[in-house]
Amino acid sequence: MKPIRVGLLGLGTVGAGVAKVCRTHREELEEMVGAPIVLAAVVDQDITTPRDGLPLEGLPLGRDVSTVLDDPSIDIVVELIGGLEPARAYILRALANGKHVVTANKALLATHGEELYAEARRRRCMLAFEASVAGGIPLIRSVKEGLAANRITSLYGIVNGTSNYILSKMTDEGLEFGRVLAEAQAEGYAEADPTFDIEGIDSAHKLQILATLAFRTCVGLGDIYVEGITRVTPEDIALAHEMGFRIKLLAIAKSADGRLELRVHPTMIPESSPMSAVSGVFNAVFLNGDVVDDLMFYGRGAGQFPTASSVWADIVEIARRLAAGHAAVPQDLPVLGRNPLGLKPIEEVVSSYYLNVSALDRPGVLAQVAGILGKHNISIANVIQKVHQKAQAVPVVMMTHEAREGDMQKALREIDALPVIVAPTRMIRVEES
Ligand code: NDP
Ligand code: HSE
């Protein structure tokens, strides 16, 4: 049987994991494929720094990308260099040369996916991206194939390991934000630019990929409302706990009445919900399909081996087809439905809210704040006022009933303009169910 030849671009955290798994699991992988698999070329700009647990001698390692992209004997190109360019140009070049491509690059797919999918279709090549969402969880394959009979009605989840790691350590161990971020970087979970993780951008990239597939609707990154975790304070975490909630960075997509809402933001969820128990680098995604009903996916969302596991799932799928002589089919790539959904602007989204109003401790302040909320159709469910003996300002903490986001934004602008308010009000959306 003719060997399947794989070329690897990028020998960093994930690339080194892919090469290690090739050494440790080659026999089983070849059994699954039904043909020998050869890691024929590995390219990185750094070919000398030792990779932990991976001897470099014996690896076909070099700096010249054409050994992967242009060598006619390479069947599958695995792109693990990350970033937009030159990754985009390299994938287009590989496809133009008739090679199948595997990538974990969510930033690239969320930004240039349409162009890359179209090119893969045109060239009749596979472009596989299981590792791009939720690390080691086989989520893309489940949505594409396992749930083929379903109309997905909602999905929401923790899809960024770094921010979940940070929030979990801040909550459980009272650790400070900067220290925990440094730990996540050292573990290899964080993106090259960690602002992608903590500002919610990486979660938005994943939501874009997942929602496009699940709702068969063309979703742009600009259609997703995004807010990160950098403004979540230890005080918010403690108050959330006092009220029976935990704060998680959630990516949410819900469809109703032919429209889709897409948002990423810190969210208070009941401590009793299964999502609250998702700690550290773990990811979890809840999904509802109209035929299957509720599903929950859980596993490691980042890290060398979990991500390599997903990369290998894609390599094996493509290699199997090559070994069996099947060409790629256009339906392997995200397909737009006949009735794509319209998008719901964030102003029309309805949820409950936690508000932390920093006000001077004077008579009538609470009445002023409550009056503004009432004027904008926002009903208060609960109030806690913390007395700080010496401080001039006190946190007035409120939970509201469900209200429109647009009304809440208007109310917040008016509240923060009151002379008795000493700092911008902190607002966190609440998902009770
Ligand atoms: P790393 O930064 O650890 O690895 C990237 C490697 O590619 C580095 O060795 C880098 O070299 C090299 N490289 C960068 N640009 C080039 C280039 N132009 N030519 C040759 N080599 C290049 O990243 P990760 O392994 O963590 O991530 C790879 C991809 O996987 C990214 O798209 C990421 O978003 C995605 N991903 C990562 C996960 C994780 O847990 N780490 C999980 C899921 C997806 P140098 O170090 O010198 O820049
Ligand atoms: N930086 C990402 C995370 C890697 O922390 O989840 C996995 O996509």
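The model shown is predicted, which means the values in this text are computed figures rather than measured ones.

A few points about the site of ligand 1
Working step 1: Around ligand 1, the structure places 20 residues, and the nearest of them are Thr13, Val14, Asp44, Glu191 and Gly303.
Working step 2: In the environment of ligand 1, an oxygen atom lies 2.7 Å from a nitrogen or oxygen atom belonging to the side chain of Asp44.
Working step 3: Between ligand 1 and Glu191, the relevant distance is 2.8 Å, taken from an oxygen atom to a side-chain nitrogen or oxygen of the residue.
Working step 4: Tallied by class, the residues present in the shell around ligand 1 amount to 8 nonpolar, 9 polar and 3 charged.

Here we look at the side chain of Lys206
Working step 1: Relative to the elements of secondary structure, Lys206 occurs in helix α9 (residues 201–215).
Working step 2: We classify Lys206 as buried; its relative accessible area is 4%.

Considering the domain arrangement of the protein
Reports of interface size often rely on the accessible area that becomes lost once the parts have come together.
Working step 1: Its domain assignment divides the protein into domain 1 (4–135 + 304–332), domain 2 (140–300) and domain 3 (347–430).
Working step 2: Placing the centre of domain 1 and that of domain 3 at their C-alpha centroids yields a distance of 51 Å.

Here we look at the pairing of strand β10 (residues 259–270)
Working step 1: Across the 12 residues of β10, 11 count as buried, placing the element largely inside the fold.
Working step 2: As paired strands, strand β8 (residues 225–226) and β10 are joined by 2 bridges and run parallel to one another. Residue pairing for β10: Val226 is matched across the bridge by Val264.
Working step 3: In sequence, strand β9 (residues 245–256) turns back onto β10 through a hairpin of 2 residues, with Asp257 there showing a positive phi of about 50°.
Working step 4: With 2 bridges joining them, β10 and strand β13 (residues 342–343) adopt parallel strand pairing. Its bridge partner being in β13, Leu260 is matched across the sheet by Leu343.
Working step 5: As paired elements, β10 and strand β18 (residues 421–430) share 2 bridges and run parallel to each other. Each residue of the ladder has a partner; that of Met268, found in β18, is Val430.

Digging into the pattern of salt bridges
Close approach of charged atoms allows side chains of opposite charge to pair.
Working step 1: In the structure shown here, the tally under the stated rule is 32 salt bridges.
Working step 2: Across the pair Glu85 and Arg88 runs a salt bridge, and its minimum N-O distance is 2.7 Å.
Working step 3: Assessed through its relative accessible area of 46%, Glu85 is described here as partly exposed.
Working step 4: With its nearest N and O atoms 2.9 Å apart, the salt bridge here joins Arg426 to Asp236. Of this pair, Arg426 sits in strand β18 while Asp236 is found in helix α10 (residues 234–242), placing the two residues 190 residues apart along the sequence.

Focus on the site of ligand 2
Working step 1: Around ligand 2 lies a shell of 13 residues, among which Lys106, Gly161, Thr162, Tyr189 and Glu191 are the nearest.
Working step 2: A distance of 2.6 Å is found between an oxygen atom of ligand 2 and a side-chain nitrogen or oxygen belonging to Thr162.
Working step 3: For ligand 2, an oxygen atom lies 2.7 Å from a polar atom in the side chain of Lys206.
Working step 4: Within the complex, 93% of the 250 Å² of free accessible area of ligand 2 lies under protein.
Working step 5: The set of elements that each furnish at least two residues to the shell around ligand 2 consists of α6 (161–173) and α9.

So, the nonpolar core
Working step 1: By size, the foremost hydrophobic cluster in this structure holds 79 residues, and its most contacted members are Leu139 and Met268.
Working step 2: In terms of residues, this core owes the most to one element, α9, which gives 8 residues.
Working step 3: Among all residues touching Met268, those that are not within four sequence positions of it are Asp236, Ala240, Phe245, Arg246, Ile247, Tyr354, Met399, Ile428, Arg429, Val430 and Glu431.

Rules behind the numbers
- Residues numbered from 1 in each chain as written.
- Chains lettered and ligands numbered in written order.
- Predicted model: local features only at pLDDT ≥ 70, side-chain atom pairs only at ≥ 80, totals over all residues.
- Heavy atoms only, no water.
- Near = heavy atom within 4 Å.
- Polar contact = N/O pair within 3.5 Å; in protein donor to acceptor, adjacent residues only side chain to side chain.
- Nonpolar A, V, L, I, M, F, W, Y, C, P; charged D, E, K, R; others polar.
- Helix = DSSP H or I, 4+ residues; strand = E, 2+ residues; numbered from the N terminus.
- Buried < 20%, exposed > 50% of the residue type's maximum accessible area, 1.4 Å probe, protein only.
- Domains from an automatic or database assignment.
- Pairing = 2+ DSSP bridges.
- Salt bridge = Lys/Arg side-chain N within 4 Å of Asp/Glu carboxyl O.
- Areas by Shrake-Rupley, 256 points an atom, 1.4 Å probe, with all protein chains shown as cover.
- Core = buried A, V, L, I, M, F, W, Y, C linked by side-chain atoms within 4.5 Å.
- Contact = heavy atoms within 4.5 Å.

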